Amino acid sequence: MKYPIGIQSFDQLIEDGYVYVDKTDLIYNLVHEGKIYFLSRPRRFGKSLLVSTLENYFLGRKDLFKGLAIELLEKEWNAYPVFCVDFNGSNFTQEGVLEQRLNGYVSDWERRYGLFPDKEEMDLGGRFIKVLEAAHCQTGLRAVVLIDEYDKPILDVLDANQALEDRHRNVLKGFYSVFKGADKHLQFVLLTGVTKFSQVSVFSGFNQPKDISMDVRYETLCGITQEELEQCFAEPIACMAQEYSCSVEEMKERLRTQYDGYHFSKRMTGVYNPFSLLNALDGCSLDNYWFRSGTPTYLIRLLAHFNENLNELTGKYYHPEEFIDYKADVEMPLPMIYQSGYLTIKDYKMNSNRFLLDFPNNEVKNGFLTMVATSYLKPKERFPDG
């Protein structure tokens with residue numbers, strides 16, 4: 001079995017025979033039930049693969065979806081004009097990098113559709129609107145815009161360079177305003193990121209996207225459920241059980257306590273961290289793969305200001321506005337800790353509309369406590385396993 005570790009390209013994944021956990025029934029529902037969406041998930045949780053899957057779907061590449069759920073659901077397979085913006089891979093701590101990156105995208109698109117605007121007279125947002133209009137007119141189909149890690153230009157400088165953070169907010173606000181000005185030329189828009197947009201001024205210039213980050217219909221759009229684990233990975237689980245000299249059921253329980261435990265809606269469907277799970281199955285070893293892959297620098301900077309006991313954050317019930325909305329507040333880092341995947345929902349009280357937040361699993365709990373014990377926060381005295 002070939003594991004798509006580090007592979008974010010859907011076409012490469014399918015063409016090279018990597019295992020794919022089929023999410024295309026959810027993708028079909030997503031594109032047929034709405035138009036402009038936002039999805040927040042932690043790093044390495046499959047957001048980029050989702051964007052790539054949508055790109056290939058909207059390009060009409062039916063051959064890639066053979067045998068998947070969407071093959072029977074979709075009847076038209078139109079080839080839409082697709083525009084992808086990926087903020088991964090750039091260091092936005094340097095002044096001018098964001099503008100250069102966006103100008104590169106727009107310039108390439110202008111050449112594709114034969115546009116030669118006066119760049120001195122039109123801003124990036126205005127030029128992008130003209131591109132979307134030209135694509136609509138030339139193809140007869142409305143455009144699709146997919147933006148991966150929309151918030152990285154801000155997170156890279158968060159709490160480190162206020163002037164550049166403000167500049168990036170203004171640049172992105174102008175660029176994202178196209179979703180209002182070009183609404184009639186748009187078929188579908190998805191923005192992904194770590195942080196929720198509602199408190200970020202960059203989005204004030206256009207129609208608010210539908211936030212599906214806690215939508216029960218799409219809670220498993222990224223990640224792997226227990227059912228998917230058992231359906232797709234029975235053989236490697238059996239191999240791991242043999243390696244660890246335990247039963248298959250015992251091996252499942254070890255995997256569950258180490259990597260499962262994320263919940264993204266009131267329905268409380270458990271989701272495994274896909275990066276750690278796939279690495280564990282591939283290497284036949286239980287390790288802290290996700291945590292070892294790095295802690296976001298913006299979170300480290302925020303935690304450096306926080307002097308409270310960790311008891312003040314974990315194992316408590318919160319109202320949604322206390323942890324869902326994006327607030328870069330050094331006095332209250334809870335929203336950033338939750339959105340970054342270090343805490344997750346563990347219970348929901350419907351009567352009071354409050355959520356219990358705690359560590360999702362042993363990997364995150366042990367890694368986070370080790371980090372904060374040596375650096376920034378005062379950890380709890382003792383955490384039982386589980």
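Everything discussed here concerns the structure shown above.
Computed from a predicted model, the values in this text were never measured in an experiment.

(A) Structural view of the state of the cysteines. Taken as a whole, this structure holds zero disulfides when the rule is applied. No disulfide involves C222; its nearest neighbouring cysteine sulfur is the one of C84, lying 15 Å away. You can see C239 has no disulfide; the closest cysteine sulfur is in C284, sitting 6.3 Å from it.

(B) Main features of the packing of aromatic side chains. Tallying each qualifying case throughout the model produces 31 aromatic pairs. With centroids separated by 6.1 Å and ring planes inclined at 10°, the aromatic side chains of Y262 and F264 adopt a geometry described as stacked. Since its relative accessible area comes to 1%, Y262 is described here as buried. Summarising the aromatic geometry, the rings of Y348 and F355 are spaced 4.6 Å apart at their centres and angled 35° between planes, so their arrangement reads as tilted. Here the two residues Y348 and F355 agree in accessibility, since each one is buried. R43 extends its terminal NZ or CZ atom over the ring of W290, reaching a point 4.5 Å from the ring centre. Residue placement shows R44 over the ring face of F275; its charged tip is 4.7 Å from the ring centre.

(C) Fine view of the sheet that holds strand 7 (residues 344-349). Pairing in this open sheet of three strands is antiparallel, and the strands run 6-8-7 from one edge to the other. In this open sheet, the two strands that pair with only one neighbour each are strand 6 (316-318) and strand 7. Recorded for the sheet is a direction-independent mean angle of 35° between the axes of neighbouring strands. In the sheet, strand 6 pairs with strand 8 (residues 354-358) via three bridges, with the strands oriented antiparallel.

(D) The arrangement of the sheet that holds strand 3 (residues 143-148) in detail. In spatial order, the strands read 2-3-4-1-5; together these five strands make up an open sheet with parallel pairing. Two strands bound the open sheet, and with one partner strand each, they are strand 2 (82-86) and strand 5 (210-211). One ladder, built from five bridges, connects strand 1 (residues 36-40) with strand 4 (residues 186-193); its direction is parallel. Considered in strand 4, the bridge of S40 is made with G193.

(E) Broad picture of the environment of Y105. Among the secondary structure elements, Y105 is positioned in helix 5 (residues 97-112). In this structure Y105 touches C84, V85 and D86, once residues within four positions along its chain are discounted.

(F) Focus on the environment of E55. Along the polypeptide, E55 turns up in helix 3 (residues 47-58). On the accessibility criterion, E55 (28% relative accessible area) is partly exposed. Expressed as a C-alpha distance, the spacing of E55 and P320, which sit 265 residues apart in the sequence, is 32 Å. The contacts of E55, once residues within four sequence positions are left out, are V82, C84 and L146.

Cut-offs and rules
- Residues numbered from 1 in each chain as written.
- Predicted model: local features only at pLDDT ≥ 70, side-chain atom pairs only at ≥ 80, totals over all residues.
- Heavy atoms only, no water.
- Disulfide = S-S within 2.5 Å.
- Phe/Tyr/Trp six-rings, centres within 6.5 Å; stacked < 30°, edge-to-face > 60°.
- Buried < 20%, exposed > 50% of the residue type's maximum accessible area, 1.4 Å probe, protein only.
- Lys NZ or Arg CZ within 6 Å of the ring centre and 35° of its normal.
- Pairing = 2+ DSSP bridges.
- Helix = DSSP H or I, 4+ residues; strand = E, 2+ residues; numbered from the N terminus.
- Axes fitted to C-alpha atoms, helices over the stretch in contact; angles between N-to-C directions.
- Contact = heavy atoms within 4.5 Å.

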